[in-house]
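One letter stands for each residue in the lines below.
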Amino acid sequence: MNKLLGRLGIFAVALLLLVFVAACGGSSESSSGGSDGEDNNSSSSDKEEYTITISNSVEEDTPLHKGLIKFKEVAEEKSDGRLKVEVFSNAELYASEREAIEAVQAGNIQAASPATAPLTNFVEEFMALDFMFVFDDIDDANSMLDGELGDILKEKLEEHQLKGIGWGSAGLTQITNNERPLETIEDFEGLKLRTMENNIHLDSLKEFGANPQPYAFGELYSALQQNIFDGMQTTAQLIESSKIYEVQKYITIMDNSFTAEALIMNKDFYDSLPEDLQKVVDEAGEEFTTYEREISKEYDAEAIEFLTEELEANVLSDEVKREMAERLQPILDKYEEQIGTDIIDLVRNH
């Protein structure tokens, strides 16, 4: 009997010790997390880290890549390291920008920075940026994305599980060729020109009498070298970086169409972030926009200066630009139903 009482006593003491330890543990947890369980969960959320993987297809020595690095720096600094940003350039993750956009939609990566042209496959309203001779200069083009048109495009992106975070710029497009200077509309007659797979660009160049065709940019240098095309259309930055000038004779400074870059994010991922981190992402997106555009203008000016020394260059006159813009009015009419009258009016009347 005495042995039994002794064992019961030891058991009772052990039980009391367990209760005491549990009570101490609960007290310690409350002091670190707040007065109740809800505050403790909030503290845990405040310390949670999130990774943002960004895909883009350009080289590292480009305004777009440098703009994305600025986004990374701002996001990580302002979040005190709770946001971790990984930037993958040179099409390292996805061979095409369309694949990258689809990966963001599916949540396989958190963000991408494609040109706006491939976004027309998802949001037709982006075609409003593709019309030729509707913007006076790069600042005029950028202002459209900073205004009502940009707001509409961001709303449309959200319908496709995408969130617009910022707008970059690759500049205005120029035309190179091996046949002759382009000084009038008649000079376009019969020219075989490579352009993007963009119906508005194709229709517009046909209106001038040219023979435009889409072609993979990565194979364009050899195609020009073999005279498959007489010339091509893209931004000065890209003409220089791709060394297209080595296989072309003439360049016409036309500033005829706008090439924008979008920083997009998976909407569900953005919505899952705590409110303070959403604010950080928004601020980093604004920094990306400002910084990338500033560098892009510098790169473009330097590229045009370089190309006008390497090639026989001419600047299209304002009179001919107005004549071309008038010739292209039916193109705006053609796409009005598809894009929407309100958006076409914004482009026409901005």
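Residues numbered from 1 in each chain as written. Predicted model: local features only at pLDDT ≥ 70, side-chain atom pairs only at ≥ 80, totals over all residues. Heavy atoms only, no water.

K.L.:
Honestly, the environment of Ala111 in this entry has me stumped. Any pointers?
P.N.:
Tracing the backbone shows Ala111 in strand S3 (residues 111–112). Look at Ala111 and you get buried, because its relative accessible area is 1%. Taking the C-alpha atoms as reference points, Ala111 and Lys163, separated by 52 residues in sequence, lie 9.0 Å from one another. What Ala111 contacts, discounting residues up to four positions off in sequence, is Ile52, Thr53, Ile54, Ser55, Val104, Ile264 and Met265. (Helix = DSSP H or I, 4+ residues; strand = E, 2+ residues; numbered from the N terminus. Buried < 20%, exposed > 50% of the residue type's maximum accessible area, 1.4 Å probe, protein only. Contact = heavy atoms within 4.5 Å.)

K.L.:
Looking at this model, I keep getting lost on helix H14 (residues 329–339). Mind explaining?
P.N.:
Three- or four-residue spacings in an α-helix give side chains the same orientation, since the helix completes a turn every 3.6 residues. Listing the buried residues of H14 in full gives Ile331, Leu332, Tyr335 and Ile339. Buried residues of H14, seen end-on, are gathered within an arc of 90 degrees and therefore sit on one face of the element. Among the exposed residues of H14, those pointing more than 90 degrees away from its buried face are Lys334 and Glu337. Positive phi appears at Gly340, one or two residues downstream of H14, with a value of about 115 degrees. (Arc of directions from axis to C-beta.)

K.L.:
Any chance you could explain the packing of helix H3 (residues 63–78) against helix H12 (residues 275–310) here in plain terms?
P.N.:
Two packed helices can be described by the angle between their axes and the distance between those axes. Interaxial distance between H3 and H12 falls to 8 Å at its minimum, and their mutual angle equals 150 degrees. One element, H3, and the other, H12, form an angle in the roughly antiparallel class. Considering how the two elements wind past one another, H3 and H12 form a crossing that is right-handed. Contacts between H3 and H12 pair Pro63, Leu64, Lys66, Gly67, Leu68, Lys70, Phe71, Val74, Ala75 and Lys78 from the former with Val280, Val281, Glu283, Ala284, Gly285, Glu287, Phe288, Tyr291, Glu292, Ile295, Ser296 and Tyr299 from the latter. (Axes fitted to C-alpha atoms, helices over the stretch in contact; angles between N-to-C directions. Parallel < 35°, antiparallel > 145°, perpendicular 65-115°, else oblique. Left-handed = near helix turned anticlockwise from the far one by under 90°.)

K.L.:
Sorry if this is basic, but what is going on with the packing of aromatic side chains here?
P.N.:
When we look at a pair of aromatic rings, we describe it by the centre distance and by the angle of the planes. Applying the stated criterion across every chain yields a total of 6 aromatic pairs. Taking 6.4 Å as the distance between ring centres and 70 degrees as the angle between the ring planes, the aromatic pair formed by Phe131 and Tyr335 counts as edge-to-face. Of this pair, Phe131 sits in the loop between helix H5 (116–119) and helix H6 (138–146) while Tyr335 sits in helix H14, and the two are 204 residues apart along the sequence. Residue Phe131 is classed as buried on the basis of its relative accessible area, which comes to 1%. By relative accessible area, which is 5% here, Tyr335 ends up buried. When the centroid spacing of 5.0 Å and the interplanar angle of 80 degrees are considered together, the rings of Tyr245 and Phe306 count as edge-to-face. (Phe/Tyr/Trp six-rings, centres within 6.5 Å; stacked < 30°, edge-to-face > 60°.)

K.L.:
How do you make sense of the confidence of the model for the protein chain when you look at a structure like this?
P.N.:
Caution applies to low-pLDDT parts of the model: their predicted coordinates are not meant to be read in detail. On average, residues of the protein chain score 88 in pLDDT, and 87% of them are at 70 or above. A low-confidence stretch, residues 1–8 stays under pLDDT 50, and its non-local contacts, those more than four residues away or across chains, total 0 contacts. A low-confidence stretch, residues 10–42 (pLDDT under 50), is modelled with 6 contacts involving residues beyond four sequence positions or located in other chains. (pLDDT = per-residue confidence, 0-100.)

K.L.:
How should the nonpolar core be read in this particular structure?
P.N.:
Soluble globular proteins tend to bury their nonpolar side chains together. Core analysis: the biggest nonpolar cluster contains 57 residues, and Leu129, Phe131, Phe133, Phe188, Phe258 and Met324 have the highest contact counts within it. Grouped together as the second largest cluster of nonpolar side chains are 23 residues, Phe71, Leu263, Phe269 and Val280 included. (Core = buried A, V, L, I, M, F, W, Y, C linked by side-chain atoms within 4.5 Å.)

K.L.:
Looking at this structure, how should I read the side chain of Asp187?
P.N.:
Relative to the helices and strands, Asp187 is located in the loop between strand S4 (162–177) and strand S5 (192–195). It turns out Asp187 is buried and unbridged, and the closest side chain with the opposite charge, Arg180, is 4.6 Å from it. At 2.9 Å, the side chain of Asp187 and the backbone nitrogen of Thr184 are in polar contact. Excluding its chain neighbours within four sequence positions, the residues that come into contact with Asp187 are Arg180, Pro181 and Leu182. (Lys, Arg positive; Asp, Glu negative; His and termini not counted. Salt bridge = Lys/Arg side-chain N within 4 Å of Asp/Glu carboxyl O. Polar contact = N/O pair within 3.5 Å; in protein donor to acceptor, adjacent residues only side chain to side chain.)

K.L.:
How do you make sense of unusual backbone geometry when you look at a structure like this?
P.N.:
Apart from glycine, the bulk of residues carry a negative phi angle, and the bulk of peptide bonds sit in the trans form. With phi around 60 degrees, Asn90 is a residue other than glycine that occupies positive phi space. Inspection of the secondary structure assignment puts Asn90 in the loop between strand S2 (83–88) and helix H4 (97–106). In this structure, Gln161 is a non-glycine residue whose phi angle is positive, near 65 degrees. When you line up the elements, Gln161 lands in the loop between helix H7 (148–158) and S4.

K.L.:
I would appreciate a short explanation of a negative patch on the surface in the present structure.
P.N.:
Where like charges cluster on the molecular surface, the negative patch consists of Glu246, Glu294, Glu298, Glu302, Glu305, Glu309 and Glu310. Tracing the backbone through its elements, the reader meets Glu310 in helix H12. For Glu310, a relative accessible area of 44% corresponds to the partly exposed category. (Patch = residues over 30% accessible without salt bridge, like charges linked within 9 Å, V, L, I, M, F, W, Y side chains within 5 Å. Areas by Shrake-Rupley, 256 points an atom, 1.4 Å probe, with all protein chains shown as cover. Charge placed at Lys NZ, Arg CZ, Asp CG, Glu CD.)

K.L.:
Even after reading the chapter, I still don't get the side chain of Asn256, so can you show me in this structure?
P.N.:
Looking at where Asn256 falls in the secondary structure, it is placed in the loop between strand S8 (250–253) and strand S9 (258–266). Overall, the relative accessible area of 2% leaves Asn256 in the buried class. A distance of 2.7 Å separates polar atoms of two side chains, one belonging to Asn256 and the other to Gln233. Sequence-distant contacts of Asn256, defined by excluding residues within four places in its chain, comprise Phe131, Met132, Phe133, Thr173, Gln174, Ile175 and Gln233.

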